[in-house]
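Commentary on secondary and tertiary structure
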Amino acid sequence: MVTVPSPLDDAELLFHAPMGDVGALYDRAAYRYDHFRDLWLRLAGARAEQGLLDDLRHALHPGATVLDAGCGTGALARQVLAIEPTAQLTLLDLSPRMLAKADDVPGDHIIGSVLDLPFPDNSFDIVLSGWVIETVPDPIAAVAEYLRVINPGGSVLYTFCSLPQGFFSRAGSAWLRGAVKRGFAGQFLPEESTPWHDCDRSHRLSTHGGLATQIALAKCCTVAPQPVPSGSVAAQ
Ligand SMILES: C[S@@+](CC[C@H](N)C(=O)[O-])C[C@H]1O[C@@H](n2cnc3c(N)ncnc32)[C@H](O)[C@@H]1O
């Protein structure tokens with residue numbers, strides 16, 4: 001018999017999440033993660049994710065090697081195969097229960113950390129990472145790892161929760177930011193700690209009043225703490 005979680009179960013998941021151990025937190029949330037993922041996309045993340053998928057469509061080619069870093073339940077990996085069925089996928093996540101939800105996705109499934117990727121330099125054509133870097137202690141180190149493992153000519157595509165600039169946007173989103181932080185260890189990254197490199201091969205899309213950001217980088221990029229250029233908030 002399948003038991004449908006009640007709103008009380010969801011509240012328990014959000015408000016009594018274990019602190020400090022991100023893998024354990026996601027193990028506990030895995031059975032309900034897809035529900036909350038859809039909710040996040042509806043509330044704030046959809047345009048940033050659409051930006052990532054548009055870039056993915058551009059970057060994919062037959063036989064492309066793709067790492068879904070922090071793959072969770074495999075939502076993005078399934079999109080890769082829907083666009084390019086011959087893509088060679090590697091799925092990596094810290095949480096065994098999240099990764100187990102992606103069992104149906106063909107490819108290598110690896111339990112590991114985005115902060116110390118178990119691959120040599122230049123291993124993949126594309127690294128995808130959706131809503132992950134804001135859950136790790138050092139987002140810039142994670143993106144540096146992504147850049148290390150892409151091939152020359154490859155792409156790193158990622159989305160993350162970001163801190164809106166204006167007072168009213170911050171105040172209006174406080175409840176949502178609080179829920180994402182408590183339930184899913186998602187820190188909304190301020191501009192000054194955004195992993196970003198400004199060049200003619202990179203681009204950045206900030207959406208939903210600055211709450212969700214999508215970035216594309218290339219092998220030539222380096223990431224270090226640096227201010228995001230003003231006027232780069234492109235879409236609402
Ligand atoms: C918000 S979920 C995003 C999952 C998936 N990318 C998606 O788009 O739905 C964050 C994921 O990152 C994983 N994660 C957190 N820290 C990690 C780390 N250091 N290394 C690998 N995965 C990590 C979590 O286990 C979780 O599955």
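Refer to the structure above for everything that follows.
Residues numbered from 1 in each chain as written. Predicted model: local features only at pLDDT ≥ 70, side-chain atom pairs only at ≥ 80, totals over all residues.

Before going further, it helps to examine the overall build of the protein chain. Counting secondary structure elements, the protein chain contains eight helices and nine strands. Rg of the C-alpha trace for the protein chain: 17 Å, near the compact-globule value of 18 Å for 236 residues, within the 12% margin. Taken along its principal axes, the extent of the C-alpha atoms in the protein chain is 50 × 45 × 30 Å. Counting only residues that meet the buried cut, the protein chain has 43% of its 236 residues in that class. For the protein chain, the share of sequence-separated contacts (at least 6 apart) that also reach a separation of at least 24 residues comes to 68%. (Helix = DSSP H or I, 4+ residues; strand = E, 2+ residues; numbered from the N terminus. Rg over C-alpha atoms; globule rule 2.2 N^0.38 Å. Buried ≥ 20, exposed ≤ 12 C-beta atoms within 10 Å, placed from the backbone. Contact = placed C-beta atoms within 7 Å.)

Turning to helix α6 (residues 139–149), its buried residues are P139, A142, V143, E145, Y146, L147 and V149. Where α6 is buried, its residues meet β1 (65–69), β4 (124–130), β5 (150–161), β6 (195–196) and β8 (212–218).

This part covers the site of the ligand. Contacts to the ligand come from 21 residues, most closely from Y26, G70, G72, S95 and G130. Of all elements in the fold, only α2 (22–29) and α4 (75–83) reach the threshold of two or more residues within the shell around the ligand. Residues belonging to the shell around the ligand are distributed by class as follows: 13 nonpolar, six polar and two charged. (Near = placed C-beta within 6 Å. Nonpolar A, V, L, I, M, F, W, Y, C, P; charged D, E, K, R; others polar.)

Moving on, we get to the packing of helix α3 (residues 33–59) against α4. Orientation of α3 relative to α4, taken along the N-to-C sense of each, is 40 degrees, at an axis distance of 12 Å. Considering their axes alone, α3 and α4 lie oblique with respect to each other. Read as a crossing pair, α3 and α4 show a hand that is right-handed. Contacts between α3 and α4 involve R37, L53, L56 and R57 from the first element and A75, Q79, V80 and I83 from the second. Classifying every residue of the contact of α3 with α4 by side-chain character gives five nonpolar, one polar and two charged. (Axes fitted to C-alpha atoms, helices over the stretch in contact; angles between N-to-C directions. Parallel < 35°, antiparallel > 145°, perpendicular 65-115°, else oblique. Left-handed = near helix turned anticlockwise from the far one by under 90°.)

Strand order across the open sheet formed by seven strands is β3-β2-β1-β4-β5-β8-β7, with mixed pairing between neighbours. The two strands at the open ends of the sheet, each matched to only one other strand, are β3 (108–111) and β7 (203–207). Averaged over all neighbouring strand pairs, the angle between strand axes comes to 15 degrees, with direction disregarded. Sheet analysis places β1 next to β4, joined by three bridges and oriented parallel. Looking at the pairing, L67 lines up with V127 of β4. Strands β4, β5, β7 and β8 of the sheet are contacted by α3, whose axis makes an angle of about 170 degrees with β5. Relative to β5, α6 is tilted by about 155 degrees, and along the sheet it contacts β1, β4, β5 and β8. (Pairing = 2+ DSSP bridges.)

We now examine helix α8 (residues 174–184). Taken residue by residue, α8 has V180, G183 and F184 as its buried positions. In a view along the axis of α8, the buried residues occupy a sector of 85 degrees, so they form one face of it. Exposed and oriented more than 90 degrees from the buried face of α8 are A174 and W175. One or two steps after α8, the chain reaches A185, where phi turns positive at roughly 60 degrees. (Arc of directions from axis to C-beta.)

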